[in-house]
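# Architecture at a glance
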Amino acid sequence: MMRKLFWLVLAAVVIYTGYWMIGAKGTESAIAAWVNARGAEGWQAEVSDIKTRGFPTRFDTEIRDPHLADPRSGVALSSPKIEILSQSHRPTRFTLRMAPEVTLASPYQRLDITQELAEAQLFVDAGPNLTLNHAALTLNDLRMASTATWGLSLDTGEITTQRQDNDPLTHDIKMHVAGFAPTGGLIEEIDPKGLLSDEFETLDLDMSATFDGPWNIHALEGPRPQPTKIELTTLAAHWGELDLKLAGSFDIDARGYPVGTLAVKAENWREMIELAISIGAIPENMSKLSLRAGEMLAGLSGRKDTIDAELTLKDGMISLGFIPLGPAPRIVIR
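Okay, so let's go over this structure. Small disclaimer: the values here were computed from a predicted structure and weren't measured.

What counts and how
- Residues numbered from 1 in each chain as written.
- Predicted model: local features only at pLDDT ≥ 70, side-chain atom pairs only at ≥ 80, totals over all residues.
- Heavy atoms only, no water.
- Helix = DSSP H or I, 4+ residues; strand = E, 2+ residues; numbered from the N terminus.
- Buried < 20%, exposed > 50% of the residue type's maximum accessible area, 1.4 Å probe, protein only.
- Contact = heavy atoms within 4.5 Å.
- Areas by Shrake-Rupley, 256 points an atom, 1.4 Å probe, with all protein chains shown as cover.
- Polar contact = N/O pair within 3.5 Å; in protein donor to acceptor, adjacent residues only side chain to side chain.
- Pairing = 2+ DSSP bridges.
- Phe/Tyr/Trp six-rings, centres within 6.5 Å; stacked < 30°, edge-to-face > 60°.
- Lys NZ or Arg CZ within 6 Å of the ring centre and 35° of its normal.
- Core = buried A, V, L, I, M, F, W, Y, C linked by side-chain atoms within 4.5 Å.
- Salt bridge = Lys/Arg side-chain N within 4 Å of Asp/Glu carboxyl O.

## Quick notes on the overall build of the chain
Helix and strand counts for the chain come out as four helices and 20 strands. Going through the 334 residues of the chain one by one, you find that 38% of them count as buried. The contacts in the chain between residues at least 6 apart in sequence include a share of 52% that link residues at least 24 apart. Of the roughly 18500 Å² of accessible surface on the chain, a fraction of 61% belongs to carbon and sulfur atoms.

What follows is the structure in structure tokens.
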């Protein structure tokens, strides 16, 4: 009896060891094949080594010295390493962890990024496309410096996304950011008159975004899925004396401009308008008109320091009530 048990245990160990080795080599081969396929398409796609460890319970793959550049978007990424970590019995759930130093470049600028932690928990559907089901991204102590003389820092950031069951192209997205601070020339550009504190105390986002395609492995190869509709449950920002809340929905046209309306509640609105004037979003010759219009909108809400009104997004422009605020931002994922 003991002899049979011994051979059964030995057979199980041999079978599982074979499974792990096949899984590890399969992971390494799949990543190498993806990198080679990008190179054949004209990318700069290079890695110095791909190695999987973690026997017997894990597949922990380390990609050394990745250098990836997409010629269509002009976006390039390089880092000392990227780690893809998973449990051997749960291959559709894995962790993507970046090295403490990352360089992200575009045709317009290069970003040098450092962080204590940049980690994403990814849950994908079974199958070769690895379609994203839900994910959670955590950032700690992030610092970003641009060759365009601006930068930013972030104490903590948490972002989650969950694909809707009844609409696979729509994701529910939540974000919480604390200790966000512009640095370098960015703070002077945003706030040349020193109206604000040094950092956002908090920034919270709760929304649903519909895209024109699925987020899967092919989205990394390009073109990226583009948003077509945003349902904004809340966007709340607290920055010094400013307190801003937005909610509503808008479509995104073929050029990437939003079309729709948002309800806005702004406390200490005078500082916001002065800020918009100082950065040129509201022309100087309209400053007095904008402030008078703000007083009228605040009067409708019953509080002189608070505006309850609508932001109108139309024809590539944005206005607050009847106050023109300037061009609307383009919402395009490169």
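## Notes on the side chain of T52
Considering the arrangement of structural elements, one finds T52 in strand 2 (residues 49–53). Only 2.8 Å separates the side chain of T52 from the side chain of T61, close enough to count as a polar contact.

## As for the pairing of strand 19 (residues 317–320)
One ladder, built from four bridges, connects strand 18 (residues 306–314) with strand 19; its direction is antiparallel. When the sheet's bridge partners are listed, K314 is paired in strand 19 with M317. The hairpin turn running from strand 18 into strand 19, its antiparallel successor, is two residues long, and D315 in that turn takes a positive phi close to 55°. Where strand 19 meets strand 20 (residues 323–327), four bridges bridge the pair, whose relative direction is antiparallel. In the strand pairing of strand 20, I318 is matched with G326.

## A closer look at the side chain of T161
With respect to the secondary-structure elements, T161 resides in strand 12 (residues 150–163). Given a relative accessible area of 18%, T161 falls into the buried group. Here the side chain of T161 touches H171 through a polar contact of 3.3 Å, side chain to side chain. Beyond its immediate chain neighbours, meaning those up to four positions away, T161 contacts L132, N133, H134, A135, H171, D172 and I173.

## Structural notes on the packing of aromatic side chains
Centre distance and the angle of the planes are the two values used to describe a pair of aromatic rings. According to the stated counting rule, one finds two aromatic pairs in the structure shown. With a centroid separation of 5.7 Å and an interplanar angle of 90°, the aromatic rings of F211 and W215 are classed as edge-to-face. A cation over an aromatic ring shows up here: R330 above the ring of Y257, its NZ or CZ 5.9 Å from the ring centre.

## Comments concerning the nonpolar core
Counting 21 residues, the largest nonpolar core has M207, I230, L232, L311 and L320 as its most contacted members. With near-sequence residues (within four places) excluded, L232 lies in contact with L205, D206, M207, L246, A247, G248, S249 and L262. Residues L111, I113, L142 and M144 belong to the second largest nonpolar core, which totals 14 residues.

## Focus: the pattern of salt bridges
Scanning the entire structure with this criterion turns up 17 salt bridges. A salt bridge links K174 to D206; the shortest N-O distance between them is 3.0 Å. Taken together, the residues span a long stretch of sequence, with K174 in strand 13 (residues 170–184) and D206 in strand 14 (residues 200–211) at a distance of 32 residues. Taking the relative accessible area as the measure of exposure, K174 reaches 45% and is therefore partly exposed. For D253, the salt bridge goes to R255, with nearest N and O atoms at 3.6 Å. For D253, a relative accessible area of 25% gives the class partly exposed. Overall, R255 belongs to the partly exposed group, its relative accessible area being 46%. Each of E62, R64 and K81 takes part in salt bridges that share partners, so that together they form one network.

## Focus: unusual backbone geometry
Note: most peptide bonds trans; most residues except glycine with negative phi. Residue P56 is reached from F55 by a cis peptide bond, and omega for that bond is 10°. Note that P56 resides in the loop between strand 2 and strand 3 (58–64). In this structure, D141 is a non-glycine residue whose phi angle is positive, near 50°. Here D141 is to be found in strand 11 (residues 132–146). Owing to a relative accessible area of 34%, D141 belongs among the partly exposed residues under this scheme.

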